[in-house]
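Summary of the model geometry
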Protein chains: 2
Amino acid sequence: MTTSENGKARRRGRPGYDLETLLKAAAELFYERGYDGTSIQDLATRLGVAKSAIYHHVPSKEALLSLAVDRALDGLFAEVAKLEQVDGRAIDRIEHLVRGSVTVLVDELPFVTLLLRVRGNTETERNALARRREFDHLVTDLVAQAAAEGDLRADIDPAMTTRLLFGMVNSIIEWYRPQGGLTSADLAETVATVAFDGLRVRSA
Amino acid sequence: MTTSENGKARRRGRPGYDLETLLKAAAELFYERGYDGTSIQDLATRLGVAKSAIYHHVPSKEALLSLAVDRALDGLFAEVAKLEQVDGRAIDRIEHLVRGSVTVLVDELPFVTLLLRVRGNTETERNALARRREFDHLVTDLVAQAAAEGDLRADIDPAMTTRLLFGMVNSIIEWYRPQGGLTSADLAETVATVAFDGLRVRSA
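Residues numbered from 1 in each chain as written. Chains lettered and ligands numbered in written order. Predicted model: local features only at pLDDT ≥ 70, side-chain atom pairs only at ≥ 80, totals over all residues.

1. So, the overall build of chain A
Looking only at helices and strands, chain A has 10 helices and zero strands in total. Starting at the N terminus, the α and β elements of chain A follow one another as α-α-α-α-α-α-α-α-α-α. Taking the principal axes of its C-alpha atoms as reference, chain A extends roughly 70 × 35 × 30 Å. The 204 residues of chain A split such that 34% are buried. Across chain A, every contact between residues at least 6 apart in sequence was considered, and the portion connecting residues at least 24 apart equals 63%. (Helix = DSSP H or I, 4+ residues; strand = E, 2+ residues; numbered from the N terminus. Buried ≥ 20, exposed ≤ 12 C-beta atoms within 10 Å, placed from the backbone. Contact = placed C-beta atoms within 7 Å.)

Rendered as structure tokens:
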């Protein structure tokens, strides 16, 4: 973007040198080879930069993992925070959260994909799992509330409902590709329709 | 089970020596460490047997992978074969297939879990992916037929419906544990209810 010899501008202009590119590449490599199977050297090779270029941004591999999973988790919790502005019934807040989660998943695809693969082998992974559980509990509480209000099925355990609902949402990472032309808004609409109203056509 | 010195009885009696135990352990290790990251020695160590005990059953690591993913795929295609006996409409056949798939998933949990992680790095994996695609196409054709018959939503692309439906079904591997007391029949019923009729309570 610039031919300036000014250090800051040069750094910004070189591919592979900005934190965003670095984080995406790290998330993809951690997903493909596992965290243990990925070295800072692997990442430098993938990006075509020196290891020192990576250490310019982050002190360690674990810091990269932490930034990557937090990107996904911060996005999901930002959607939770928005629910305070949703008046009305619990089912409306759940619908908002499902649509918001689909959007986060599409917008932060490599990070959410990595988050869903995390198994708790390091401190960072255990923290990420704890935040995922916190999110699940929030959803389960909302589901229970919506069932108590008579809007969601009361014959299914709220924790099970949450698992199946977010099982469907999270499965999007298996096939969604940004270049396919499907917008996150369209996808969010379809998922919400299927989850809340079902696939069956109702006779009038 | 026996103290006989007869070779056959001894083999059957020793833990880790039968093909079933071997396949389950292989599926779990391949899932945990990846196929490339797992050696026959790792498997022998996990089972507490000599490598020769494994080679008694299978000629290679790839043969183990093949048997393990075929266990899952054969189970799923057995459910497809049963559909010939389901009279009536396409939606009835899809419901049967969803319930059957949940049952296979629960009964063959380590094998389906492995199958869903396969990415196509070897000939065996590519064959497995081809059979998964064949299954998906079968479901998509049934969904299209049910939509044409007016029973399933026609406003959602059949391939997308199949992805979301089996996204929900497949997500069960993330949390289902056999010792939890939830039967596969109950789980199949819940999944079919949520997928076809939705989570929302309908006003009368």
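What follows picks up the thread again.
2. Some remarks on the interface of chain B and chain A
Opposite the 26 residues of chain B that make contact, chain A presents 26 residues. Secondary-structure elements contributing two or more residues to the side of chain B that touches chain A are helix 9 (158–170) and helix 10 (184–197) of chain B. The element best represented in the side of chain B that touches chain A is helix 9 of chain B, accounting for eight residues. Across the side of chain B that touches chain A, the residue classes tally to 13 nonpolar, seven polar and six charged. (Nonpolar A, V, L, I, M, F, W, Y, C, P; charged D, E, K, R; others polar.)

3. Notes on the relation of the copies chain B and chain A
Mapping chain B onto chain A calls for a screw motion: a turn of 180° about the axis and a shift of 0.0 Å along it, with 0.0 Å RMSD after fitting. The superposition operator between the copies reduces to a two-fold rotation axis. For chain B, the residue whose C-alpha comes nearest the rotation axis is Gly198(B), separated from it by 1.8 Å. Of all interface residues in chain B, 100% are interface residues in chain A too; the two copies therefore contact each other through one and the same surface. (Least-squares fit on C-alpha atoms with pLDDT ≥ 70 in both.)

4. Structural notes on the environment of Ser60(A)
Residues and elements named next belong to chain A. Here Ser60 lies in the loop between helix 4 (51–55) and helix 5 (61–82). The class for Ser60 is exposed, based on 11 C-beta atoms found within 10 Å. Through-space distance from the C-alpha of Ser60 to that of Thr38 is 12 Å; in sequence the pair is 22 residues apart.

5. Things to note about helix 7 (residues 109–117) of chain A
Residues and elements named next belong to chain A. Counting buried positions along helix 7 yields seven of nine residues, so the element is predominantly enclosed. Buried within helix 7 are the following residues: Leu109, Pro110, Phe111, Val112, Thr113, Leu114 and Leu115. Summarising the contacts, the buried residues of helix 7 are in contact with helix 2 (19–33), helix 5, helix 6 (90–107) and helix 8 (123–148).

6. Some points on the domain arrangement of chain A
Residue and element names in this part refer to chain A. According to the domain assignment, chain A contains domain 1 (1–58) and domain 2 (68–197). A C-alpha centroid distance of 30 Å is found between domain 1 and domain 2. With seven residues of domain 1 in contact, the opposing surface of domain 2 contributes seven residues. Here the residues of the side of domain 1 that touches domain 2 are counted per class, giving five nonpolar, no polar and two charged. (Domains from an automatic or database assignment.)

7. Remarks on the confidence of the model for chain A
The share of residues in chain A with pLDDT of 70 or more is 91%, and the mean pLDDT across the chain is 90. This stretch, residues 1–13 of chain A, has a pLDDT under 50; its non-local contacts, to residues over four places away or in other chains, come to eight contacts. (pLDDT = per-residue confidence, 0-100.)

8. A closer look at the packing of helix 6 (residues 90–107) of chain B against helix 8 (residues 123–148) of chain B
Residues and elements named next belong to chain B. One can describe the packing of helix 6 onto helix 8 by two numbers: an axis separation of 8 Å at closest approach and a directional angle of 145°. The interaxial crossing formed by helix 6 with helix 8 has left-handed handedness. Of the residues in helix 8, those touching helix 6 at Ala90, Ile91, Arg93, Ile94 and Leu97 are Val139, Leu142, Val143, Gln145 and Ala146. The class makeup of the residues in the contact of helix 6 with helix 8 is eight nonpolar, one polar and one charged. (Axes fitted to C-alpha atoms, helices over the stretch in contact; angles between N-to-C directions. Left-handed = near helix turned anticlockwise from the far one by under 90°.)

9. Let's talk about the environment of Thr38(B)
Residue and element names in this part refer to chain B. Among the secondary structure elements, Thr38 is positioned in the loop between helix 2 (19–33) and helix 3 (40–47). Each C-alpha atom, one on Thr38 and one on Lys61, is 8.8 Å from the other, the two residues being 23 residues apart in sequence. With residues up to four places along the chain from it excluded, the contact list for Thr38 reads Leu29, Phe30, Arg33 and Leu43.

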